[in-house]
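Fold and contact review
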Amino acid sequence: AFISVTSQGVSKGSAVRALIASQRLKPENVMAVGDTAGDLPMLEVVGHPVVMADAPASLRERFYTVGKVDECGVVEALERALTLKVV
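Residues numbered from 1 in each chain as written. Predicted model: local features only at pLDDT ≥ 70, side-chain atom pairs only at ≥ 80, totals over all residues. Heavy atoms only, no water.

What follows deals with the overall build of the protein. Regarding its fold elements, the protein presents four helices and three strands. Walking the protein from its N terminus toward its C terminus, one meets helices and strands in the order α-β-α-β-α-β-α. Taken against the 2.2 N^0.38 rule, which gives 12 Å for 87 residues, the C-alpha radius of gyration of the protein at 13 Å falls within 12% of a compact globule. Dimensions along the principal axes, computed over C-alpha positions, put the protein at roughly 40 × 35 × 20 Å. For the protein, buried positions account for 26% of its 87 residues. A separation threshold of at least 6 residues defines the contact pool for the protein, and within that pool the share at least 24 residues apart is 23%. By element, 56% of the accessible surface of the protein is carried by carbon and sulfur atoms, the whole surface being about 6000 Å². (Helix = DSSP H or I, 4+ residues; strand = E, 2+ residues; numbered from the N terminus. Rg over C-alpha atoms; globule rule 2.2 N^0.38 Å. Buried < 20%, exposed > 50% of the residue type's maximum accessible area, 1.4 Å probe, protein only. Contact = heavy atoms within 4.5 Å. Areas by Shrake-Rupley, 256 points an atom, 1.4 Å probe, with all protein chains shown as cover.)

This part takes up a nonpolar patch on the surface. Residues Val-33, Val-74, Val-75 and Leu-78 make up a contiguous nonpolar surface patch of roughly 300 Å² in combined accessible area. Here the element with the most residues in the nonpolar patch is helix 4 (residues 73-83); it accounts for three residues. One can find Val-74 in helix 4. (Patch = residues over 30% accessible without salt bridge, like charges linked within 9 Å, V, L, I, M, F, W, Y side chains within 5 Å. Salt bridge = Lys/Arg side-chain N within 4 Å of Asp/Glu carboxyl O.)

Let's shift gears to the pattern of salt bridges. The final tally for this structure, using the stated rule, is two salt bridges. Asp-39 is paired through a salt bridge with Lys-12; the nearest N and O atoms lie 2.5 Å apart. Taken as a pair, Asp-39 in the loop between strand 1 (31-34) and helix 2 (40-45) and Lys-12 in helix 1 (residues 12-22) lie far apart in primary sequence, 27 residues in all. Given the relative accessible area of 3%, Asp-39 is considered buried. Note that Arg-62 is salt-bridged to Glu-44, the shortest N-O span being 2.9 Å.

Glancing now at the environment of Gly-38. As for its position among the elements, Gly-38 is in the loop between strand 1 and helix 2. The spacing of Gly-38 and Glu-28 is ten residues in sequence and 21 Å in space, taken between C-alpha atoms.

Have a look at this one:
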């Protein structure tokens, strides 16, 4: 089992927003890769949300999907990142 405990109002989305601000990036130029429903707040913040093939169907239906975690799907996501146009 996996349990995530955070303070009220804190999520992966708020963490990514803080990181984006601290690095003076544009959200539309940021990619995030997720594989669980807990990643949804993070995926909604960035301009290039990507999910792994073993993510829940609700995420796969909504976001760009790459291969499974165990099949190095993140490599596919990184290759995609290299081809994205930065604004």
